[in-house]
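Residue-level listing of the chains:
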Amino acid sequence: MMEFLIDQTVFVARVDYFHELSDFAYTALEKKMPLQDRQYTSLKEEYVMDIPPKFSNWVCKTIDENFILHKPDSGIHGCYPKVSGMWTNRMRKGDQHFPHQHNKSFYSFVAYVKTTDNDAPFYFIKDNQGIPVHIDANSMENILIFPSTLIHTVYPKQTDGDRISVSGNVIITGH
C-alpha cells in the first residue's frame, strides 16, 4: 500500500526494512540520548537515534518517486532527498505532542513501530482545518511522509500500552 492521503501532501506506505528500523528504534530507547527539542513540542520520551542505512535509502527513494515538491516542476533541479536526522518516541497514556512544524528540512516522516487499538490520533493542520489520521494496531509498520512545513500534532494518548514511533527529517541535496 502506497498512496497519498492528501494530494501531494501526506503519503502513507508500508515500511520496507521494518526490522532494521525497529532494531534501531529500540536501541535508541535503551540508550536514552535526549533529543533536547523544545519543551512544548517534545514528548517526555524522545531520543536521538542512528539512521538505519537500508531504511534511509528506501524512504529517500520513496520520496523521490512519489513527491514533486523537490522536482523540476516545482523549480528545483538536480536535487535528491537525504535523511538528515531521526529520533524515536515513546508515548504513554496522557502524553501528547503539541502542534509544530519542522522548518530546517524539506520532508518529515513518522513510522509506527508499536501501536495499540484506538491509539492517539495524528493530526495535520492544513488550510486552518484539522485532518486526522487514525492510529490503531494496524498502523504498525506504516509510515506517513509529508512536507516539513505542514503543522502536525498528536492528541493526548487515552489508552494503556506504549506507542513507539520513529520520526525524521529529510533535506534536499545536490548529490
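Refer to the structure presented above.
Counting of residues starts from 1 at the beginning of each chain's written sequence and follows it residue by residue. Under the rules for a predicted model, residues below a pLDDT of 70 receive no local features and side-chain atom pairs below 80 are neither given nor counted, while totals for whole chains, interfaces and linings still include all residues. For side-chain calculations, the full set of non-hydrogen atoms in the structure is used, while hydrogens and water are omitted.

(A) Looking closely at the state of the cysteines. By disulfide we mean two sulfur atoms from cysteines, separated by a distance within 2.5 Å. By the definition in use, this model includes zero disulfides. Here C79 stays free of any disulfide, with the sulfur of C60 as its closest cysteine sulfur at 13 Å. Exposure categories follow from relative accessible area, calculated using a 1.4 Å probe and restricted to protein chains: below 20% of the type maximum is buried, above 50% is exposed, and the middle band is partly exposed. Residue classification places C79 among the partly exposed residues on the basis of a relative accessible area of 23%.

(B) A look at the nonpolar core. What is meant by a nonpolar core is a set of buried Ala, Val, Leu, Ile, Met, Phe, Trp, Tyr and Cys residues, joined one to another through side-chain atoms within 4.5 Å. Core analysis: the biggest nonpolar cluster contains 27 residues, and F55, V59, F109 and I143 have the highest contact counts within it. A run of DSSP states H or I qualifies as a helix once it reaches four residues; a run of E qualifies as a strand once it reaches two. Both are numbered from the N-terminal end. Among the elements of the structure, strand 2 (10–14), helix 1 (18–31), strand 3 (45–49), helix 2 (53–66), strand 4 (80–91), strand 6 (107–114), strand 9 (142–147) and strand 11 (163–173) are those that each provide at least two residues to this core. Residues V12, M91, V110 and Y112 belong to the second largest nonpolar core, which totals 15 residues.

(C) Examining the pattern of salt bridges more closely. Salt-bridge detection follows one rule: a side-chain nitrogen of Lys or Arg within 4 Å of a carboxyl oxygen of Asp or Glu. This model, assessed by the stated rule, comprises 11 salt bridges. With a shortest N-O distance of 3.7 Å, R14 and E141 are connected by a salt bridge. Taken together, the residues R14 in strand 2 and E141 in the loop between strand 8 (129–133) and strand 9 connect sequence positions 127 residues apart. Its relative accessible area of 39% is what places R14 among the partly exposed residues.

(D) Looking closely at the pairing of strand 1 (residues 2–6). Of the pairings in the sheet, the one linking strand 1 to strand 2 comprises four bridges and is antiparallel in character. From the neighbouring strand, M2 faces strand 2, where its bridge partner is A13. Adjacent in sequence and paired antiparallel, strand 1 and strand 2 are bridged by three residues, among which Q8 carries a positive phi angle near 50°. Paired strands are those between which DSSP finds at least two bridges.

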